[in-house]
Amino acid sequence: MTGDFQVPPAFVQALRQHQSYLLVSHVGLDGDHLGSMLALQQALTIMGKRVVAYLPESIPASLSRILYGLENTSAELPDEKFDAVVALECPTLGRMPKGFEPRKMAPLLLNFDHHQDNENYGDINWVLPEVAALGEMTFELIQHLDVPLDRSMATALYVAVLTDTGSFQYSRVTPATHRRLASMLQAGVATDEVSRSVYRNSTPNVLKLLGRMLNDLTVDERDGVCVAWAEITQKSLDEYSVRPEEIQFFVDELDRVEQADVVVLVREAPGGKIKASIRSRNHPINQVAAIFGGGGHSRAAGVTTDGKISEIRKALVDAVHTELTKLTKA
Ligand SMILES: [Mn+2]
């Protein structure tokens, strides 16, 4: 796979011909949608458009320290109409922020995503599940809008690709990914500052909690299928005074277990919710997430549900075993 793809002319045209745009993304902030959103906002602003980037969630310092243009985003839903809503990385309307109704905000809805389970709900849909990060699509889009990449946009796009590819390691990273990254570096991205801020920012207590998680990790091997799992309770977060957004990288640490086909991290979240992150090495896993009302990418999916943490974890690990046993015997 070369990683080259076409930018649909209708999508480019829709961003050229109107005057005002509202950008929105899925709940559960991540580097890819935040970086893509900021870069697109800056490009459209340079083109003379009115652009509001609606970001109702708080942005972790690891990202806010290195990204430019956050002062131009809005935590409140603006009380005005727009020509178009651009939905970034929202596979379904239900993943948009609570109470957000795109059809009430604008007559035109652009759906811009790289999730496999995207439901093509937009008036114009540009969805490429094979692309590693939305930041790559945003990079190509900005080229097609004829906006020269500056350091600010390049940094936002670099953060998007860095965080969505496990630092350029996942299978969907292509030669074209690296060509795009080269253009970003050319535009002046401070790669050392970015990776220090994004990845080497843990408090000692976060690392101590990580130590506890690794100490308690369980490897469940049945019929040649191996699942490594761990649970993090609200009690342990409280005990170490760690916020949920500080442990987002824990699943990557779990993903170091050599023989694991799949890793599952289940944690208690505010509001009595249970959140699970699932990573798979060789087989699609989003079907399993869908059983629990979740979704995501083929090899990286997530679930948010209600219930007791150990019961959800057991059901999820069992479902992974069932699915993978089916797949490996097929
Ligand atoms: Mn993404």
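Anything mentioned here points back to the structure above.
Residues numbered from 1 in each chain as written. Predicted model: local features only at pLDDT ≥ 70, side-chain atom pairs only at ≥ 80, totals over all residues.

A. Summary view of the overall build of the protein. Check the secondary structure of the protein and you find 13 helices and twelve strands. Taking 330 residues into account, the globule formula puts the C-alpha radius of gyration at 20 Å, and the protein, at 20 Å, falls close to it. Each of the three principal axes of the protein carries a C-alpha extent, and together these read 55 × 45 × 40 Å. Within the protein, the proportion of its 330 residues that are buried is 40%. Residue pairs in contact within the protein that sit at least 24 positions apart in sequence constitute 68% of those at least 6 positions apart. (Helix = DSSP H or I, 4+ residues; strand = E, 2+ residues; numbered from the N terminus. Rg over C-alpha atoms; globule rule 2.2 N^0.38 Å. Buried ≥ 20, exposed ≤ 12 C-beta atoms within 10 Å, placed from the backbone. Contact = placed C-beta atoms within 7 Å.)

B. Main features of helix α9 (residues 204-216). Over its 13 residues, α9 runs 19 Å from end to end, which matches the ideal 18 Å to within 8%, given 1.5 Å per residue. Every buried residue of α9 is accounted for by L209, L210 and M213. Considered in projection along α9, the buried side chains sweep an arc of 105 degrees and stay on one side of the axis. For α9, the exposed residues lying more than 90 degrees away from the buried face are P204, L207, G211 and N215. Contact partners of the buried residues in α9: β8 (225-232), α10 (234-239) and α11 (250-254). (Expected span 1.5 Å × (residues − 1). Arc of directions from axis to C-beta.)

C. Expanded view of the pairing of strand β4 (residues 84-88). Along β4, five of the five residues are buried, which leaves the element largely enclosed by surrounding structure. Of the two faces of β4, the one holding A84, V86 and L88 and the one holding V85 and A87 are both buried throughout. Where strand β1 (residues 20-25) and β4 come together, five bridges link them in parallel fashion. Each bridged residue has a counterpart across the sheet, and for L23 the counterpart in β4 is V86. As paired elements, β4 and strand β5 (residues 108-113) share five bridges and run parallel to each other. Across the sheet, residue V86 finds its bridge partner in β5, namely L110. (Pairing = 2+ DSSP bridges.)

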